[in-house]
Amino acid sequence: MTCICTLKIKYIGCEDKIWRMAQISSNAYLCDLGYMILATFDTMAYHLFNISYKGVTYKLPSDEEEISEDKCLFFVKLSELHLQVGDKLTMIYDFGCDQEFEIEVTDIQPMGRGQGRAYPKIITGEGRGIIDDMSADALAELIQQIDRTGSSGIQYSGDGIIFDNIPDWDYRNYSITYDNCLLKGKIAQIAEGYEVLME
């Protein structure tokens, strides 16, 4: 039976400022979970990532390391993990910077017939996202600066383009409506990028 998994996803180091509650089908592959996280946390999605659960790390295919299908993000579905409420997974993005996300299962419910197209979706959250190539410690300091002064002093776009005429980056500028409107399109774009890279 296909279920709806409700997940609380926290960016470690900035847990109280940057987090999401999301729902995803248990029929999704682990790579799909990763793509959703990269999309909603406003990353440029140009680094490798892995997801760990109960001591097993699931990875993307690599020329440098042989990965069996049962440990590959492309081939393992969430349903195969037999998740329970309270279980936690960890996702590491950008191994040079170790952007870490904690993923906690908060609810699992049967999916009604014909509801599959509604997922994945974001239920609620805070924080615009992360900044690629910036450590969690550095981002936490930037957030403190914004809270103290009202400005980050940097201009940054989630697609990696820096413009002179955009407002300073501000973690408080998060719109769940905007996020959900773009989520599936961003996931598809991210998926294409990783899957072409791995061919």
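You'll find the structure just up there.
Residues numbered from 1 in each chain as written. Predicted model: local features only at pLDDT ≥ 70, side-chain atom pairs only at ≥ 80, totals over all residues. Heavy atoms only, no water.

## Some details on the packing of aromatic side chains
Quick note on the threshold: Working definition: rings of Phe, Tyr and Trp (its six-membered ring) pair if their centres are within 6.5 Å, and the pair is stacked with planes under 30 degrees apart, edge-to-face with planes over 60 apart, and tilted otherwise. Placement of a charge over a ring requires the Lys NZ or Arg CZ to be within 6 Å of the ring centre, with the centre-to-atom vector within 35 degrees of the ring normal.
In the structure shown here, the tally under the stated rule is 5 aromatic pairs. Lying over the aromatic face of W19, K8 brings its terminal NZ or CZ to 4.9 Å of the ring centre. For the cation-ring pair, R20 lies above F41, with the distance from its terminal atom to the ring centre recorded as 4.8 Å.

## Here we look at the pattern of salt bridges
Put simply, the test is: Salt bridge, as used here, is a side-chain nitrogen of Lys or Arg placed within 4 Å of a carboxyl oxygen of Asp or Glu. Only DSSP runs of H or I reaching four residues or more are called helices, and only runs of E reaching two or more are called strands; each is numbered from the N terminus. Accessibility here uses a 1.4 Å probe with only protein chains present; expressed as a share of the type maximum, an area under 20% marks a residue as buried, one over 50% as exposed, and anything in between as partly exposed.
Summed over all chains, the structure comprises 9 salt bridges. As a salt-bridge pair, R20 and D179 come within 3.7 Å of each other at their nearest N and O atoms. Of this pair, R20 sits in strand β2 (residues 19-25) while D179 sits in helix α3 (residues 176-197), placing them 159 residues apart in sequence. By the burial criterion, R20 is buried, and D179 matches it. Within the structure, one salt-bridge network assembled from shared partners comprises K10, K88 and E102.

## Considerations on helix α1 (residues 30-40)
α1 sits mainly inside the fold: 10 of its 11 residues count as buried. Within the sequence span of α1, burial applies to L30, C31, L33, G34, Y35, M36, I37, L38, A39 and T40.

## Re the side chain of H47
Convention followed: A 3.5 Å cut-off defines polar contacts: any pair of N or O atoms within that distance qualifies, except that in protein one atom must be a possible hydrogen donor and the other a possible acceptor, and neighbouring residues in sequence count only when both atoms are side-chain atoms. Contacts were defined at the residue level, with two residues in contact if any of their heavy atoms lie within 4.5 Å.
Positionally, H47 belongs in the loop between α1 and β3 (49-53). A distance of 2.8 Å separates polar atoms of two side chains, one belonging to H47 and the other to D133. Setting aside residues up to four positions removed in sequence, H47 forms contacts with Y93, D94, D132, D133 and Y194.

## Notes on the sheet that holds β2
Where we set the bar: When DSSP finds at least two bridges between two strands, those strands are taken to pair. Convention adopted: a line fitted to C-alpha atoms gives each axis, helices being fitted over their contacting stretch, and angles between N-to-C directions are expressed from 0 to 180 degrees.
The sheet built from 7 strands is open, its strands ordered β4-β3-β5-β6-β1-β2-β7 with antiparallel pairing. Two strands close off the open sheet at either side, each with one partner strand: β4 (56-58) and β7 (121-126). Put simply, the sheet's adjacent strands are angled 25 degrees from each other on average, direction ignored. Contacts from α1 reach β1 (3-11), β2, β3, β4, β5 (88-93), β6 (99-110) and β7, with the element oriented near 120 degrees to β3.

The quantities given are spatial measurements derived from coordinates; they are silent on function.
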